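Commentary on secondary and tertiary structure
Chain residues, written in single-letter form:
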Amino acid sequence: AAIVAVHRKGERLCCKIGDIVLAQGDVLLLDTGAHFLTHHAESKAFALVSEVANSAPLKTSRMWLALGLGVAMVSTQILESFLDRPLINLWTAAILTGSLMMATGCMSGAQARGCMDWTVFICIGAAFGVGRAMELTGMADKLGSAFVGIVKSVSGRTAICSALYIATALLTEILSNNAAAALMYPVGAAAGDALGISPPWISFAIMFGSSSAFMSPFGYQCNLMVYAAGNYKTMQFVKFGCLMQVWMWIGVTLIFYFADTWYVMWIISGVLVAATLGGAWAWGRVPTPVRTRVETGLARALGALCFWRRG
């Protein structure tokens, strides 16, 4: 067991754990191993705060080694962008890095096997299958063509690129990002040729849209990993992802609208970043009692609003 914190007379001692001289009545917060609960479950000297599944003491002596191996794996993929030939496949690099971490004691074989959540892999494979089925049946192609056809009568680069973004973003919620981009580019290229829009702008719109899978846990592999690990629900992705998608759509539309005057977007972005950082800095210097009153008032207002909506 490792001592995490020491409380004395209801207050936490802030000095280093190794410098504390224990006194009568001290309360110790312990981080224990897997078998501690089995041996001391009935002991009155200990009170179980919470049990963390698959927990283990941190191997701080291996921290820099694990960090170095991870950085080395990522660096091989970054270097490929500057070279004319590939260095090592990402899959091979990940397997090699994991093997080295087990060989050097950064993790055990049991911990490595415990990290394999097979439900995630099954969901990812099923998502690829659904996407492939939509490609082969032509359903995805018809959906994209129908959506772009609605706004094809609206002239202007901004309108077409914005519509392409929305169509691609909706497709990538049920297909992989590669499949959504491959399906939408011919449709977008045809619309661009008919309206005199250059191919790079069509590519930008589809690139943004195919990387915007926010509303579905099945839109991208990372979504599925978070979905399984965090025990989220599909509607939670829809609620928060829909708002994110709206913001992304507004941002992308502004990028295309101010494309000829690119410095405008830089100025707007700089002002927003400065306002965010300045606001956080200023709020941190507001007296604590004032901040507490404001935060309490906002919490009560939000609570009243939620109660009103439920009613």
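Note: the structure precedes this text.
Residues numbered from 1 in each chain as written. Predicted model: local features only at pLDDT ≥ 70, side-chain atom pairs only at ≥ 80, totals over all residues. Heavy atoms only, no water.

Let us now look at the overall build of the protein. The secondary structure content of the protein amounts to 13 helices and three strands. Burial status across the protein gives 21% buried among its 311 residues. At a minimum sequence separation of 6, the contacts of the protein that also span at least 24 residues come to 56%. A total of about 21,800 Å² of accessible surface is found on the protein, and carbon and sulfur atoms cover 68% of it. (Helix = DSSP H or I, 4+ residues; strand = E, 2+ residues; numbered from the N terminus. Buried < 20%, exposed > 50% of the residue type's maximum accessible area, 1.4 Å probe, protein only. Contact = heavy atoms within 4.5 Å. Areas by Shrake-Rupley, 256 points an atom, 1.4 Å probe, with all protein chains shown as cover.)

Glancing now at the packing of helix α7 (residues 157–171) against helix α9 (residues 199–210). Between α7 and α9, whose axes approach to 7 Å, the crossing angle comes to 30°. As judged from the angle between their axes, α7 and α9 are roughly parallel. The handedness of the crossing between α7 and α9 comes out as right-handed. Counted together, Arg157, Cys161, Leu164, Tyr165, Thr168 and Ala169 of α7 and Trp201, Ile202, Ala205, Ile206, Phe208, Gly209 and Ser210 of α9 form the full contact between these two elements. (Axes fitted to C-alpha atoms, helices over the stretch in contact; angles between N-to-C directions. Parallel < 35°, antiparallel > 145°, perpendicular 65-115°, else oblique. Left-handed = near helix turned anticlockwise from the far one by under 90°.)

Time to look at the sheet that holds strand β3 (residues 27–31). Judged by pairing direction, the sheet is antiparallel, and its three strands sit side by side in the order β2-β1-β3 without closing on themselves. Each edge of the open sheet is held by one strand with a lone partner, namely β2 (11–12) and β3. Bridge count between strand β1 (residues 2–8) and β3: five bridges; the pairing is antiparallel. Residue pairing for β3: Ile3 is matched across the bridge by Leu30. (Pairing = 2+ DSSP bridges.)

This next bit is on the packing of helix α2 (residues 63–80) against helix α3 (residues 90–103). Between α2 and α3, whose axes approach to 10 Å, the crossing angle comes to 170°. The angle between the axes of α2 and α3 places the two elements in the roughly antiparallel class. Seen along the crossing, α2 lies across α3 with a hand that is right-handed. Taking contact as the criterion, the partners of Ala66, Leu69, Gly70, Met73, Thr76 and Gln77 in α2 are, on α3, Leu90, Ala93, Ala94, Thr97, Leu100 and Met101.

The next subject is the nonpolar core. Note that soluble globular proteins tend to have their nonpolar side chains buried in a common cluster. Counting residues in each nonpolar core, the largest one holds 17 residues, and the members touching the most others are Leu164, Leu171, Leu175, Met184, Ile202, Ala205 and Phe256. Elements with a minimum of two residues in this core: α7, α8 (177–195), α9 and α11 (234–257). In terms of residue count, α7 provides more of this core than any other element does, six residues in total. (Core = buried A, V, L, I, M, F, W, Y, C linked by side-chain atoms within 4.5 Å.)

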